Amino acid sequence: MTDAPALREAAFAELTPAELYGILRLRVDVFVVEQACPYPELDGRDAEPTTVHLWHEADDGTVLSTIRVLSNGEDRAIGRVATAKGARGRGLSAQLVARGIELCEGRTIDIGAQAYLESWYERFGFRRSGPDYVEDGIPHLPMRLAPR
């Protein structure tokens, strides 16, 4: 793997089949397989015209980390934050979240964070916006970043 993977971004309609496959494969590997959490990964939101996919890609085309930015009316949401096991600890997801925040152009951004990542998201300015909840057997909490 390269030290400086390419940061890529595209709407669904702009993704090549290989890019889409890589993004979805990573998300399934992390959320469904690694976290042993069978859930409907394909929720229809990836294909919305306003959804932006961001990912880091190695020289060989392997997707190392990914997020998606969703439009929720006037607000935005960042989700499906995932990094391949072998690429963790390199700051890749942090770069993607920072870029995702930039793309939201001063709008309110919501996330459904896994509870153990609360302080990680706080680094970006996100704050708890409601009570904890369990989703697919994993403790989560809602967080929000107010417009700057």
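The notes below deal with the structure included here. Residue numbering note: each chain is counted from 1, following its sequence as written. Note on the predicted model: pLDDT of at least 70 is required for a residue's local features to be given, and 80 or more for side-chain atom pairs to be given and counted; whole-chain, interface and lining totals, by contrast, use all residues. In computing side-chain values, all of the structure's heavy atoms are included and hydrogens and water are not.

1. Looking at helix H1 (residues 17–34)
We apply this condition: Runs of H or I in DSSP of at least four residues are treated as helices and runs of E of at least two as strands, each being numbered from the N terminus. By this rule, a helix spans an expected 1.5 Å times one less than how many residues it contains. One fitted axis covers the seven residues ending at a residue, a second covers the seven starting there, and the bend at that residue is the angle between these axes. Relative accessible area decides the class of each residue, using a 1.4 Å probe on protein chains only: under 20% of the type maximum gives buried, over 50% gives exposed, and in between gives partly exposed. By definition, residues are in contact when any of their heavy atoms lie within 4.5 Å.
A rise of 1.5 Å per residue sets the reference length of H1, with its 18 residues, at 26 Å; its end C-alpha atoms lie 24 Å apart and thus fit the reference within 8%. The largest bend in H1 amounts to roughly 30° and is located at valine 28. Listing the buried residues of H1 in full gives Glu19, Gly22, Ile23, Leu24, Leu26, Arg27, Val30 and Phe31. On its buried face, H1 sits against strand E1 (6–11), strand E2 (52–57), strand E3 (63–72), strand E4 (75–83) and strand E5 (109–114).

2. Let's talk about the nonpolar core
Rules: The definition of a nonpolar core used throughout is a set of buried Ala, Val, Leu, Ile, Met, Phe, Trp, Tyr and Cys residues joined through side-chain atoms within 4.5 Å.
Of all hydrophobic cores here, the largest spans 19 residues; its most connected members are Ile67, Ile78, Ile101 and Phe126. At the level of secondary structure, the elements contributing two or more residues to this core comprise E3, E4, helix H2 (92–103), E5 and strand E8 (138–145). At 4 residues, the largest contribution of residues to this core is made by H2. Setting aside chain neighbours within four positions, we find isoleucine 67 in contact with Val52, His53, Leu54, Ile78, Gly79, Arg80, Val81, Leu96, Val97 and Gly100. Of all hydrophobic cores here, the second largest spans 17 residues; its members include Cys37, Ala58, Leu64 and Ala84.

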